[in-house]
Structures are given as C-alpha cells and as structure tokens.
Amino acid sequence: MLTLFHSPGSCSDGILLLLEEVRAEYEVVVIDVMKGMQRTPEFLGKNPKGKVPALMRKDGLVLTEFQAIAFWLAKRFETAGLWPDLLETQCRTLEALDFIVGSVHMRGFTLVKVPQKFQLDDKGTEDLRAFGQSEVEKGLRTLSKMLGESPYLLGSFGIADAALFYVLRWAKKEGMELPQNLERFLTAMSERSSAQVVINQS
Ligand SMILES: N[C@@H](CCC(=O)N[C@@H](CS)C(=O)NCC(=O)O)C(=O)O
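Residues numbered from 1 in each chain as written. Predicted model: local features only at pLDDT ≥ 70, side-chain atom pairs only at ≥ 80, totals over all residues. Heavy atoms only, no water.

Looking at an unreviewed UniProt entry, one finds the protein named Glutathione S-transferase and attributed to Shimia gijangensis.

**Thoughts on the side chain of E21**
Counting through the fold element by element, E21 comes out in helix α1 (residues 12-21). Separated by 2.5 Å, the side chains of E21 and S194 make a polar contact. If we skip the residues at most four places from it in the chain, E21 touches A80, L82, F157, R192 and S194. (Helix = DSSP H or I, 4+ residues; strand = E, 2+ residues; numbered from the N terminus. Polar contact = N/O pair within 3.5 Å; in protein donor to acceptor, adjacent residues only side chain to side chain. Contact = heavy atoms within 4.5 Å.)

**Details of the site of the ligand**
Residues in contact with the ligand amount to 15 residues; listed here are only the nearest, C11, Q38, K51, V52 and E65. Contacts to the ligand include V52, whose backbone N or O atom sits 2.8 Å from a nitrogen atom. Between the ligand and the protein, one listed contact pairs an oxygen atom with a side-chain N or O atom of K117 at 3.2 Å. For the ligand, whose accessible area on its own is 510 Å², the fraction buried by protein is 86%. Every element with two or more residues in the shell around the ligand is listed here: α3 (66-76) and α4 (87-113). Residue contributions to the shell around the ligand peak at three residues, all from α4. Along the lines of polarity and charge, the residues of the shell around the ligand split into eight nonpolar, four polar and three charged. Counting contributing residues, the shell around the ligand receives three or more from each of domain 1 (2-80) and domain 2 (87-192). (Near = heavy atom within 4 Å. Areas by Shrake-Rupley, 256 points an atom, 1.4 Å probe, with all protein chains shown as cover. Nonpolar A, V, L, I, M, F, W, Y, C, P; charged D, E, K, R; others polar. Domains from an automatic or database assignment.)

And the structure:
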C-alpha cells in the first residue's frame, strides 16, 4: 500500500489525481499545510523537507518532489499508459512538468499566495505579490501556447496534465482569467473520475 502525505487544495492534489489515474492502492495522510502540520516532528521524520506531496512506498522509503513522484507512478504503473514511448514526447513531458512546478508554481504562485513568508514590509510584500501574479500570468500564456488545440499537453493524458490541473485550479481560486483553451482543458479534466476525487476532497 502506498501512503500519500497530502494537503487538500495544495500541489499534492496533482499526485492524488495520478494515484487515481493509475488505479494504485493507496491511503491518504492529511498534512494540512495551512495548519502547519508539515512542521510537526512526526512528519519531518518522514520528510525532512517539510513539504507535500510525499509518497511512502511499500518499501517504507519516502519519495518527494512532484516531478519525481509523478515519474515514478507513471513508470511503476506502466499499463496505465501515462509515460510516452517516444524520446521527444518524454523530454517534452519533463519540460512541461518542470515549467509548471518550477516556474508557474514555485516562482509565481508561491509569491501570490504567501509573499509575507519573505519577511518584507507591507510595500515589499505587495510588490512581491504583484511580481508573482505577473509571473503566473506570463506562465499561463506560455501554457496556453503549449496546449494549443490539443485536449492534453502532449496529445493524450499524461503526468504533466496533472500538474497543469492543480495550477489552473489555483488560478481560478485567485480570480484569474484563463485563456479559452486552458478553460476548456480545466472543464474536460474536471470531468475525469480522478479529478472528481480531488475536487470532492479539497
Ligand atoms: N518542489 C516541491 C514543492 C512542494 C511544495 O511547495 N509544497 C507546498 C504545498 S503546495 C508545501 O508543502 N508547503 C509547505 C511549506 O512550504 O511549509 C515539489 O515539487 O513537490
């Protein structure tokens, strides 16, 4: 049995979605980051980085970082067909994943959601939030171009789409307007049974 350390509404939503997609047997341990549960000694004992998502495997080892967990799930549950065969599509998947998690999430949304973490005065905090917002908006334009008219980022559903799903839900929550094709993607994604599990838990 796999154990997902998960904070509903956070980026671990994307891993929850993938666990459903690959039909893994798993349990969820809620680590509510808004309540600071990621800093308890018990959780730090599992993941010293103090972040979700973290996935404990049957061997008791804990895997962290969205991209690594998503890749492991796609390879471990190969019959689910989430890992592409072509080298070019594999590289483009990693490229999209890194952009969504490393840039849109970490460099954009982190500053939109928690600019006060950087301990600036009120003006500095607001400037940082505005910078984060412009990074997200720029990122959404890039992702819109990447998606184009395709239903999913790389043609058929893959691990990068799980990351796109969680950042687009964040964008909506922040009241941002999505380009039309990203809106269409989010609507189609939300109808997947895996996404319904995420939506019902967050
Ligand atoms: N690079 C990490 C980022 C994970 C991350 O930022 N998780 C957030 C939730 S979306 C978190 O655990 N925040 C708690 C904290 O930073 O204290 C990954 O890709 O998994």
